[in-house]
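# A look at the structure
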Amino acid sequence: MKEMIRVCLIGTGRAGMIHGKNFARRVENAKLIALCDPSKESLASAQKEVDCPYIYEDYREAMQNPEIDAVVIVTPTSYHKEIALAAAAAKKHIFCEKPLAMNEAECLAIIQAAEENQVKLQVGFMRRFDASFLEAKKVVDSGVIGEVVLVKSLTHGPSEPKPWMYDIHQSNGPIGEVNSHDFDTLRWLTGSEVSSIYANGGNYRSPEVKAEFPDYYDTVAMNLRFKDGKLGLIDGAQYVQYGYDARTEILGTKGSILVGDQGKHTIVVATNNQQLTRPTMHSWMYLFREAYVAEDQAFVDCILNDTLPQCTGYDGLMAVRLVNAGVTSLLENRIVEVKE
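Please read all numbers here as calculations on a predicted model, not as lab measurements.

### Digging into the UniProt feature "domain: Gfo/Idh/MocA-like oxidoreductase N-terminal" (unreviewed entry) in the protein
Feature annotation in UniProt assigns "domain: Gfo/Idh/MocA-like oxidoreductase N-terminal" (unreviewed entry) to the following positions: residues 5–125. A distance of 21 Å separates the end C-alpha atoms of residues 5–125, which is 42% helix and 24% strand.

### A closer look at the nonpolar core
Core analysis: the biggest nonpolar cluster contains 78 residues, and V71, I94, I175, F183, M222 and I250 have the highest contact counts within it. With eight residues, the single largest contributor to this core is helix α12 (residues 313–332). Beyond its immediate chain neighbours, meaning those up to four positions away, F183 contacts I175, I197, M222, L224, I234, A319, L322 and V323.

### A short note on the packing of helix α5 (residues 104–116) against α12
For any two helices packed against each other, the geometry comes down to the angle between their axes and how far apart the axes lie. In contact at an axis separation of 9 Å, α5 and α12 are set at 175° when each is read in the N-to-C sense. Relative to α12, the element α5 is oriented roughly antiparallel. For the pair formed by α5 and α12, the contact residues are E104, C107, L108 and I111 on the first element and G313, Y314, G316, L317, V320, R321 and N324 on the second. Of the residues that constitute the contact of α5 with α12, the class distribution is six nonpolar, three polar and two charged.

### A closer look at the sheet that holds strand β11 (residues 245–252)
The strands that make up a sheet are held in pairs by hydrogen bonds between backbone atoms, and each pair lies either parallel or antiparallel. Taken in spatial order, the seven strands make up an open sheet running β12-β11-β7-β10-β9-β8-β15, and their pairing is mixed. Only two strands of the sheet have a single partner each, and these edge strands are β12 (256–259) and β15 (336–337). Looking at chain direction, strand β7 (residues 148–156) and β11 are connected through eight bridges and run antiparallel. Note that in β11 the partner of L150 across the bridge is L251. Across the sheet, α12 touches β8 (194–202), β9 (219–226) and β15, and the angle it forms with β8 is around 50°.

### Remarks on empty space enclosed by the protein
Counted by the stated rule, this structure contains one cavity of 30 Å³ or more. Taken together, E193, V194, K227, Y314, M318, R321, L322, V338, K339 and E340 make up the lining of the largest cavity. When residues in the lining of the largest cavity are grouped by element, the largest group, four residues, is from α12. Residue composition of the lining of the largest cavity, grouped by class: five nonpolar, no polar and five charged.

### With respect to the UniProt feature "domain: GFO/IDH/MocA-like oxidoreductase" (unreviewed entry) in the protein
As annotated by UniProt and renumbered to match this structure, "domain: GFO/IDH/MocA-like oxidoreductase" (unreviewed entry) occupies residues 133–257. For the annotated span residues 133–257, helix accounts for 24% and strand for 34% of the residues, and the straight-line distance between the end C-alpha atoms is 10 Å.

### Notes on the pattern of salt bridges
One pass over the structure, following the stated rule, counts 19 salt bridges. Between R6 and D69 there is a salt bridge, with its nearest N and O atoms 3.1 Å apart. You can see R6 sitting in strand β1 (residues 5–10) and its partner D69 sitting in the loop between α3 (59–63) and β4 (70–73), a full 63 residues away along the chain. Given a relative accessible area of 24%, R6 falls into the partly exposed group. Among the residues examined, D69 registers a relative accessible area of 8% and is labelled buried.

Rules used in this analysis
Residues numbered from 1 in each chain as written. Predicted model: local features only at pLDDT ≥ 70, side-chain atom pairs only at ≥ 80, totals over all residues. Heavy atoms only, no water. UniProt positions renumbered as here; feature names shortened; annotations may be inferred. Helix = DSSP H or I, 4+ residues; strand = E, 2+ residues; numbered from the N terminus. Core = buried A, V, L, I, M, F, W, Y, C linked by side-chain atoms within 4.5 Å. Buried < 20%, exposed > 50% of the residue type's maximum accessible area, 1.4 Å probe, protein only. Contact = heavy atoms within 4.5 Å. Axes fitted to C-alpha atoms, helices over the stretch in contact; angles between N-to-C directions. Parallel < 35°, antiparallel > 145°, perpendicular 65-115°, else oblique. Nonpolar A, V, L, I, M, F, W, Y, C, P; charged D, E, K, R; others polar. Pairing = 2+ DSSP bridges. 1 Å grid on protein atoms, 1.4 Å probe; cavity = no way out; pocket = protein on both sides within 12 Å on 5 of 7 lines; lining within 4 Å. Points joined across faces, edges and corners; volume = space filled by probe spheres on them. Salt bridge = Lys/Arg side-chain N within 4 Å of Asp/Glu carboxyl O.

Given below as structure tokens:
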């Protein structure tokens, strides 16, 4: 049995390098040995940070390296399927950032390939590894707040969208890029599946792209109903500029739970102009820093121990199913029933 999992990072951008640095320095029984990215500039920058022996501009070349045991896919969503299928065929374990793929058919193809080639497939829903969310799940399961009635979850991102994100047929917009986490959080905390969804949204912060991308939206509100009667509310937004914001509220029959707030620290500064100030959370990379380490460690552990990943391909499939239902609801302005 292997004692060390040798990893190739595919996608060396900002999100990718979170995982890259974790596997290079903080994950036990793992070693980052390869970097892959079509951008020479991004590769060079990444190599300065982690110094890997193997560098690739084409992921197909990386798959031919027998020293690589596992790949971490952190590319635009539209490339996930082809890379994951190549990894499975090469018998390399797969960690894929959310969303797993663009649609259910692509997700099913990835899941099937992983099963047929007997490789692990983990999807990157880091909130399941965050200490506060884990504690909330423990409290829910304890029954302290009674039966869960309603879960509200929001994610607001501060950054201006990348050019490819404006085309929602390529990115699915914030529902895919931002709210995948919220969908997974609601499924996880309710222990139920969504039966219907209604989404409403609009483009409020990027009016300059309306002519070229009339369907683009930067803000969305979604109303969900679960198969067991529970209710869900999700709001998502891109380019909010004030900071990164991820909060959840769980309402039970006997109490409630609040997870997260907008502040970076607990410090509040009072000044002589009668103002109280507190720094906002500036980045998801900071807020979920330890959760990313925990999920990367869990991926390595499930390979070494031959156990089921904590976030499976099925979890990725269900999030994508809800993303697609949400986008359909938004574009067609109707309630969408979520089919099995």
